[in-house]
Amino acid sequence: MNTDNRRLDMALAAGLFAIVALPWYRVRQGFFSFDWLGDFASSDKLWPGLAQAATGRWQLWPLLVLLVVAVALRVRQAPGNARGRALVATGVAGLTWMLIEGLSIGLRGWNWGLLEAAFGDVAGQQAFGAGAVALGTVFALLVAFGAAERGALKGDAFVLSAIMLLVLLVGVFVFYPLASMFTGAFQDFDGSFTTEGVRNNIFDPKIWSLACLAGGNCGVAWRTFFLALCTATGTTLLGLVFALVATRTGFRFKKSLRLLTVLPIITPPFVVGLALTMLLGRQGTLTQWIELATGYELGRWLYGLTGIWIAQMLSFTPIAFLVLIGVVEGISPSMEEASQTLRSDRWRTFRKVTLPLMAPGLANAFLIGFIESMADFGNPLVLGGSGGVLSTEIFFAVVGAQNDPARAAVLASVLLIFTLSAFLAQRFWLSGRNFATVTGKGDGGRHASLPRRVAWPVIAVAVGWALFTITVYAMILFGGFVKTWGLDHSLTLDHYIRAFGVKISDGWHWTGVAWSSFWTTMEIALIAAPLTAAVGLLTAWLIVRQRFPGRGAFEFALMMSFAIPGTVIGISYIMAFNLPPLQMTGTAAILIACFVFRNMPVGVRGGVAAMAQLDSSLDEASLTLGAGSGRTMRKVILPLMRPAILAALVYSFVRAITSISAVIFLVSAKYNMATAYIVGLVENGEYGIAIAYSSVLIVVMISVIGGFQLLVGERRIGRREVKQKAKAATREVSA
């Protein structure tokens, strides 16, 4: 009971502080700048909710009444089923009213004429600020605490709070933008409701045609689907190859191979496409060598699905590797030793024991590769030629000459159907199977080496792909040190000086043209990466370890954010967050939110794959010793999930720097990201500066990834380490 009251006291104190001390409406210069403090008392736009209500904003009074009701419940009633039910009702009522009044009243008053006719004029309001956001969070916590007092999920308030807050965040940053975009599809230019645009596009043969079966051109939907299948298969196989070479062979240069697998994912957009064009395009270096040696004219074979596939293989294989490396390392050596003790040779052990235990990782790597290919924008834009894919078609439907939001909505729906179908197929395949191998018991020995019949082909494929990657990156590096890439190959440092010049005269002066976007990018990426990893891994823990109503729908909804192409996310964020109740365009917050909820599913899938190997008895032992869910998560689960944590940190940091499709819609003069700046350089023909900027970003990302590795450390599951850590964890939990 004391615990129930203590957490409720903290939530109510936060709610009272929000209503009497924080600006209720948005602070234009930014809340965390704190420049508004000097004008807090004199400017009514900065007043807290209590003052706003007292000066005539009657729509805020229900929120104040509900907060008073919650305080009265704390004072007058003891924890129990009755108070829990009342707290849930209060929290739901508060969230519902905030939603209604936020959407109903805009900058100039009522948003709909029907409300104005019914209730008369009302003063307009700005977007929600820190006070409103804090009070909304408190109402969400009241729902969770009330459900805990009623005994939901065994009264675990930590789990219920995590679920409630995640549901709220996903609703705001995933479903609300989508709803805003699809609502626009059914509006005419004058704002009236119409279905004509959707009806004209949904049966368009350019989307669904299967003429390719008869030698013609397929519709954009089937081209995209076929490309995604090829990319997902190829990246999963290559990711597995590199993971096996790194963990199960004695190859001397395995550390160098690991670095090469990471290089493509840390490369800014368009650079890989430009390098492939200079290498394999119509006038490419390698193309000319082949034509001179063979006399065969290669033509424009690179431009189309083939070129996109090669670029996507280079770009997305590292993602599969990051997912699979933790899974391969997590397989208990004792499982393979038991197989060999029963007189199975290494080939049979690999085929019957090792590979089946990798199933969660393989399925997740395939799913991520499929979705990444579907949502990719940069590679198809550079190498697509006349054969577009869904993501580029959506982009041109919105910002091109078409200006057809209905077509964009239809194409986005088709893309979602494909990606969510893949997600359901993956879940169906893995359902009912158990892949737990880390149980907390003594785990002896080393992982079995690959049999020779597997090791040699695997190493050969890895080396071949590594040489191809080195060649592509040699072209990229070369492009930064020549005057004009492809025309004048005289060596120069001018591109680096123009981009990152520094003048030391009366102090340091950052004279390079790229410094402003560089520092902005680093700041936003370093904020977004740990947030993405934390949200993703917390979600994975809830999905794998907790049983609650709607768990399947919860996981399904989270994956939707990753299935949506970046162009759709960028446009939907602009439509949703350009006006009240949440106005974030032109701020760093909209970029951070975009990165967190765009990249979170990778942390979720990696965490799900890693947690599938952790036996649930580990959690049960900690809970039996009296630890709560939060302490169990912190002391037991997280140390065993270090590969997944590292993968989530690396991926989210890198994607925050290299994303372009969504970012290009969300940047502003104050917060301009590196990728948007590089696109501007490419459009202006400044290829040398673009390559120089990209090269510096690659070096910076490698350094930060190394720092993440040192901070997170490695998971060790050998017998001695597990025993020592288990004893230490047991002592801490008992204490």
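What you see is a predicted model, and the numbers here were worked out from it, not measured in a lab.

### Topic: the overall build of the protein
Phase 1 of the analysis: Summing up its helical and strand segments, the protein has 33 helices and six strands in all.
Phase 2 of the analysis: Across the 735 residues of the protein, 54% fall into the buried class.
Phase 3 of the analysis: Counting contacts in the protein only where the partners sit at least 6 residues apart, residues at least 24 apart contribute 75% of the total.
Phase 4 of the analysis: Approximately 32,800 Å² of the protein is accessible, and the part contributed by carbon and sulfur atoms is 63%.

### Here we look at the nonpolar core
Phase 1 of the analysis: Ranked by internal contacts, the top residues of the largest apolar core, which has 204 residues, are Trp24, Leu276, Tyr573, Phe653, Tyr693 and Leu697.
Phase 2 of the analysis: Among the elements that line this core, the one with the most residues is helix 26 (residues 588-611), at 15 residues.
Phase 3 of the analysis: Contact partners of Leu276, with chain neighbours within four places excluded, come to Gly281, Leu302, Ile310, Ala311, Leu314, Leu383, Phe468 and Val472.

### Some thoughts on the pattern of salt bridges
Phase 1 of the analysis: A full pass over the atoms with the stated rule returns five salt bridges.
Phase 2 of the analysis: Notably, a salt bridge pairs Asp9 with Arg74, separated by 2.6 Å at the nearest N-O pair. Taken together, the positions of Asp9 in helix 1 (residues 2-21) and Arg74 in helix 3 (residues 61-76) put the pair 65 residues apart, joining distant regions of the chain.
Phase 3 of the analysis: Linking Arg498 and Glu686 is a salt bridge whose minimum nitrogen-to-oxygen distance equals 3.6 Å. Of this pair, Arg498 sits in helix 22 (residues 494-500) while Glu686 is found in the loop between helix 31 (674-683) and helix 32 (687-712), placing the two residues 188 residues apart along the sequence.
Phase 4 of the analysis: Residue class for Arg498 comes out partly exposed when judged on its relative accessible area of 44%.

### Let's talk about unusual backbone geometry
Phase 1 of the analysis: Across the junction of Pro580 and Pro581, the peptide omega takes the value 15°, indicating a cis bond.
Phase 2 of the analysis: The topology assignment puts Pro581 in the loop between helix 25 (566-576) and helix 26.
Phase 3 of the analysis: In the Ramachandran plot, Lys154 falls in the positive-phi region, its phi being about 60° despite a non-glycine side chain.
Phase 4 of the analysis: When its relative accessible area of 85% is taken as the criterion, Lys154 is described as exposed.

### Description of a nonpolar patch on the surface
Phase 1 of the analysis: A surface patch of nonpolar side chains, amounting to about 590 Å² of accessible area, comprises Val502, Ile504, Trp508, Trp510 and Trp519.
Phase 2 of the analysis: Looking at the nonpolar patch, the elements that each hand over two or more residues are strand 5 (502-504) and strand 6 (508-510).
Phase 3 of the analysis: If you trace the backbone, Trp510 turns up in strand 6.

### Concerning the packing of aromatic side chains
Phase 1 of the analysis: Tallied over the full model, the rule gives 30 aromatic pairs.
Phase 2 of the analysis: Ring geometry for Trp36 against Phe40: centres 5.7 Å apart, planes inclined by 65°, an arrangement best described as edge-to-face.
Phase 3 of the analysis: Under the relative-accessibility criterion, Trp36 is labelled buried at 3%.
Phase 4 of the analysis: Ring pairs connect the aromatic residues Phe500, Trp510, Trp515, Phe518, Trp519, Tyr677 and Tyr693, which therefore count as one cluster.
Phase 5 of the analysis: Directly above the ring of Phe145 sits Arg7, whose terminal nitrogen or CZ lies 5.6 Å from the centroid.

### Some details on the environment of Ile19
Phase 1 of the analysis: Its place among the elements puts Ile19 in helix 1.
Phase 2 of the analysis: Assessed through its relative accessible area of 5%, Ile19 is described here as buried.
Phase 3 of the analysis: Spatially, the C-alpha atoms of Ile19 and Leu135 are 7.2 Å apart, while their sequence positions differ by 116 residues.
Phase 4 of the analysis: The contact partners of Ile19, leaving out residues within four places of it in the chain, are Trp24, Pro48, Gly49, Leu50, Leu64, Leu67 and Leu135.

### Re the environment of Ala363
Phase 1 of the analysis: Within the secondary structure, Ala363 is located in helix 17 (residues 359-375).
Phase 2 of the analysis: For Ala363, a relative accessible area of 8% corresponds to the buried category.
Phase 3 of the analysis: On a C-alpha basis, the gap between Ala363 and Phe423 in space is 9.5 Å, while along the polypeptide they are 60 residues apart.

### Structural notes on the packing of helix 1 against helix 6 (residues 130-149)
Pairs of packed helices are described in terms of their axes, by the angle between the two and the distance that separates them.
Phase 1 of the analysis: One way to put it is that helix 1 packs onto helix 6 with a least axis distance of 8 Å and a crossing angle of 160°. Viewed along their axes, helix 1 and helix 6 adopt a mutual orientation that is roughly antiparallel. Viewed along their axes, helix 1 and helix 6 form a crossing whose handedness is left-handed. Between helix 1, through Asp4, Arg7, Leu8, Ala11, Leu12, Ala14, Gly15, Ala18 and Ile19, and helix 6, the contact on the second element is made entirely by Gly131, Ala134, Leu135, Val138, Leu142, Phe145, Ala148 and Glu149.
Phase 2 of the analysis: A breakdown of the residues in the contact of helix 1 with helix 6 according to their chemical character gives twelve nonpolar, two polar and three charged.

Thresholds, definitions, all that
- Residues numbered from 1 in each chain as written.
- Predicted model: local features only at pLDDT ≥ 70, side-chain atom pairs only at ≥ 80, totals over all residues.
- Heavy atoms only, no water.
- Helix = DSSP H or I, 4+ residues; strand = E, 2+ residues; numbered from the N terminus.
- Buried < 20%, exposed > 50% of the residue type's maximum accessible area, 1.4 Å probe, protein only.
- Contact = heavy atoms within 4.5 Å.
- Areas by Shrake-Rupley, 256 points an atom, 1.4 Å probe, with all protein chains shown as cover.
- Core = buried A, V, L, I, M, F, W, Y, C linked by side-chain atoms within 4.5 Å.
- Salt bridge = Lys/Arg side-chain N within 4 Å of Asp/Glu carboxyl O.
- Patch = residues over 30% accessible without salt bridge, like charges linked within 9 Å, V, L, I, M, F, W, Y side chains within 5 Å.
- Phe/Tyr/Trp six-rings, centres within 6.5 Å; stacked < 30°, edge-to-face > 60°.
- Lys NZ or Arg CZ within 6 Å of the ring centre and 35° of its normal.
- Axes fitted to C-alpha atoms, helices over the stretch in contact; angles between N-to-C directions.
- Parallel < 35°, antiparallel > 145°, perpendicular 65-115°, else oblique.
- Left-handed = near helix turned anticlockwise from the far one by under 90°.
- Nonpolar A, V, L, I, M, F, W, Y, C, P; charged D, E, K, R; others polar.

Worth remembering: the numbers are spatial, not functional.
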